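The residues making up each chain are set out below.
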Amino acid sequence: MQKKIDSGFGRNTTAAEVLAGIDLTGRVAIVTGGYSGIGLATTRALADAGAHVVVPARRPQLAGQALAGLPDVEIDELDLADLNSVAGFADRFLASGRELDILINAAGIMAAPLQRVGKGWESQFAVNHLGHFALTNRLWPALRAGSGARVVAFSSLGHRFGGIRWEDPHFDSGDYDKWIAYGQAKTANVLFAVHLDALGASSGVRAFALQPGTIDTGLVRHLEQSEMVALGWMNADGTWAHPETMKTPEQGAATGLWAATSPQLDGRGGLYLEDVDVAGIVGPDDLLDAQVAGLATWAVDPQDAARLWDLSAELTGVNAFETD
């Protein structure tokens, strides 16, 4: 399944090009992180195509400033690190009686220092995965009621840093490494889409994961300039070392929008996408080579996807499929 389909698009494709000719009038979308970076470009493109976009925000006032002037955009409060906040947002949306056609889980953090949230959870796993897991499950009635709804999980090339630490996902043993933690969280995003698709396809709900590419956004806020220089990302003068490999936010938003709307993906799901196409599998010798595209096999293992689903349901206390 993880083979390119020759979509006709590529790494430089923009959000507007993906949505050209697609009318989303009457459709409802939710975009987490939809008020900055790639998320803002995603919200703008969906709104321009006619969708009503709900943007959950940890900082609603800041979101209001960023989204001012966009047509048919609604802001509500949500903190993915707080399951009570997730439940409150979902309850308010469900109480509105609306169907949900598109859910784009784009919010996230990267390479954060060790922080504990919720029930003592490691923050990257909690915010990037568990918060979105709980949100999606709580919104399931609205997704199932929609007409061919799609769920899109933003992952990263960083998933290739490693899989799930089944015995110690929260680094309670004291061996915290911010990049290993990030890799685990991003692998979790892919496995989540794999199993959600397996569970939801019979109800017409399909799920995809993707890596958007390298974009200059606030995601790097936890990294010092000196560290990015040491990693080879940045020059000593603060300029990016390889600008030719970077995308604009509009280019970075393209793959997620393609996943959410493209008829080319009708009848498909559980796939990892990049550069507006289905990604291939990367060989073991190239896992840490950022110039080589592709997906690590551990991120699409169906047994691990089911195992992670069960673990996430146990941790969050939320599983929409227990009674389905």
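Up top is the structure these notes are about.
Treat the numbers as computed from the prediction; the structure is a model and nothing was measured. (Residues numbered from 1 in each chain as written. Predicted model: local features only at pLDDT ≥ 70, side-chain atom pairs only at ≥ 80, totals over all residues. Heavy atoms only, no water.)

Draft legend 1. Here's a closer look at the environment of Gly26. Tracing the backbone through its elements, the reader meets Gly26 in the loop between α1 (15-19) and β1 (28-32). Placed 26 residues apart in sequence, Gly26 and His52 show a C-alpha to C-alpha distance of 7.1 Å. (Helix = DSSP H or I, 4+ residues; strand = E, 2+ residues; numbered from the N terminus.)

Draft legend 2. Representation of helix α11 (residues 302-316) within the structure. With 15 residues, α11 ought to run about 21 Å at 1.5 Å a step, and its terminal C-alpha atoms sit 21 Å apart, in line with that. Taken together, the buried positions of α11 are Ala305, Leu308, Trp309, Leu311, Ser312, Ala313, Leu315 and Thr316. Where α11 is buried, its residues touch α4 (83-95), β6 (121-122), α5 (123-138) and α7 (178-200). Its side-chain oxygen placed 2.9 Å from the backbone nitrogen of Gln303, Asp301 serves as the N-cap of α11. The first or second residue beyond α11 is Gly317, which carries a positive phi of 75°. (Expected span 1.5 Å × (residues − 1). Buried < 20%, exposed > 50% of the residue type's maximum accessible area, 1.4 Å probe, protein only. Contact = heavy atoms within 4.5 Å. Polar contact = N/O pair within 3.5 Å; in protein donor to acceptor, adjacent residues only side chain to side chain.)

Draft legend 3. Spatial organisation of a nonpolar patch on the surface. A contiguous nonpolar patch, built from Phe161, Ile180 and Leu288 and spanning about 300 Å² of accessible area, is present on the exposed surface. Following the sequence through the fold, Leu288 ends up in the loop between β12 (277-278) and α11. For Leu288, a relative accessible area of 70% translates into the label exposed. (Patch = residues over 30% accessible without salt bridge, like charges linked within 9 Å, V, L, I, M, F, W, Y side chains within 5 Å. Areas by Shrake-Rupley, 256 points an atom, 1.4 Å probe, with all protein chains shown as cover. Salt bridge = Lys/Arg side-chain N within 4 Å of Asp/Glu carboxyl O.)

Draft legend 4. Here's a closer look at the pattern of salt bridges. Under the definition given, this model contains 11 salt bridges. Where Glu250 meets Arg44, a salt bridge forms, and the shortest distance between an N and an O atom there is 4.0 Å. With Glu250 in helix α9 (residues 249-252) and Arg44 in helix α2 (residues 37-48), this pair connects stretches of sequence that are 206 residues apart. Here Arg307 and Glu167 are joined by a salt bridge, their closest N and O atoms 4.0 Å apart. A residue pair is termed long-range when its members are at least 10 positions apart, and Arg307 in helix α11 and Glu167 in the loop between β7 (150-154) and α7 qualify at 140 residues. Judged by its relative accessible area of 41%, Arg307 is partly exposed. Connected through shared salt-bridge partners, Arg165, Asp168 and Asp175 make up one network.

Draft legend 5. Expanded view of the packing of α5 against α11. Following both chains from N to C, one finds α5 and α11 inclined at 85°, their axes separated by 10 Å at the closest point. Taken together, the axes of α5 and α11 are roughly perpendicular relative to one another. Here α5 contributes Phe125, His129, Leu130, Phe133, Ala134 and Asn137 to the contact with α11, which in turn contributes Leu308, Trp309, Ser312, Ala313, Leu315 and Thr316. Considering only residue class, the contact of α5 with α11 consists of 8 nonpolar, 4 polar and no charged. (Axes fitted to C-alpha atoms, helices over the stretch in contact; angles between N-to-C directions. Parallel < 35°, antiparallel > 145°, perpendicular 65-115°, else oblique. Nonpolar A, V, L, I, M, F, W, Y, C, P; charged D, E, K, R; others polar.)

Draft legend 6. Inspection of the packing of α4 against α5 at higher detail. Relative to each other, α4 and α5 sit at 25°, their axes nearing to 9 Å. Here α4 lies roughly parallel to α5, going by the angle between them. For the pair α4 and α5, the sense of crossing is right-handed. Side by side, α4 and α5 meet where Leu83, Val86, Ala87, Phe89, Ala90 and Leu94 of the first sit next to Gly131, Ala134, Leu135 and Arg138 of the second. Across the contact of α4 with α5, the residue classes break down as 8 nonpolar, 1 polar and 1 charged. (Left-handed = near helix turned anticlockwise from the far one by under 90°.)

Draft legend 7. Seen up close, the sheet that holds strand β2 (residues 52-57). Reading across from one edge, β3-β2-β1-β4-β7-β8-β11-β12 is the order of the 8 strands in this open sheet, with mixed pairing throughout. Each of the sheet's edge strands pairs with one partner strand only, and the pair in question is β3 (73-77) and β12. As defined by bridge partners, β7 adjoins strand β8 (residues 206-211) across 5 bridges and the pair is classed as parallel. Paired with Ala153 across the two strands is Ala209, which belongs to β8. Against the sheet, helix α3 (residues 60-67) contacts β2 and β3, and its axis sits at roughly 165° relative to β3. Where α7 meets the sheet, it contacts β4 (102-105), β7, β8 and β11 (271-274), and its direction lies at approximately 160° from that of β8. (Pairing = 2+ DSSP bridges.)

Draft legend 8. Representation of the pairing of β8. In terms of residue burial, β8 counts as a mostly covered element, since 6 of its 6 residues are buried. Neither face of β8 is left uncovered, since the one carrying Arg206, Phe208 and Leu210 and the one carrying Ala207, Ala209 and Gln211 both have all their residues buried. Here β8 runs beside β11; their pairing, made up of 4 bridges, is parallel. The residue bridging Gln211 from the neighbouring strand is Glu274, located in β11.

Draft legend 9. The packing of aromatic side chains, seen in detail. The tally for this structure, following the rule as stated, stands at 8 aromatic pairs. With a centroid separation of 4.7 Å and an interplanar angle of 70°, the aromatic rings of Phe133 and Trp309 are classed as edge-to-face. Remark: Trp309 occurs in helix α11 and Phe133 occurs in helix α5; sequence separation between them is 176 residues. Of the two residues, Phe133 and Trp309, both sit in the buried class. (Phe/Tyr/Trp six-rings, centres within 6.5 Å; stacked < 30°, edge-to-face > 60°.)

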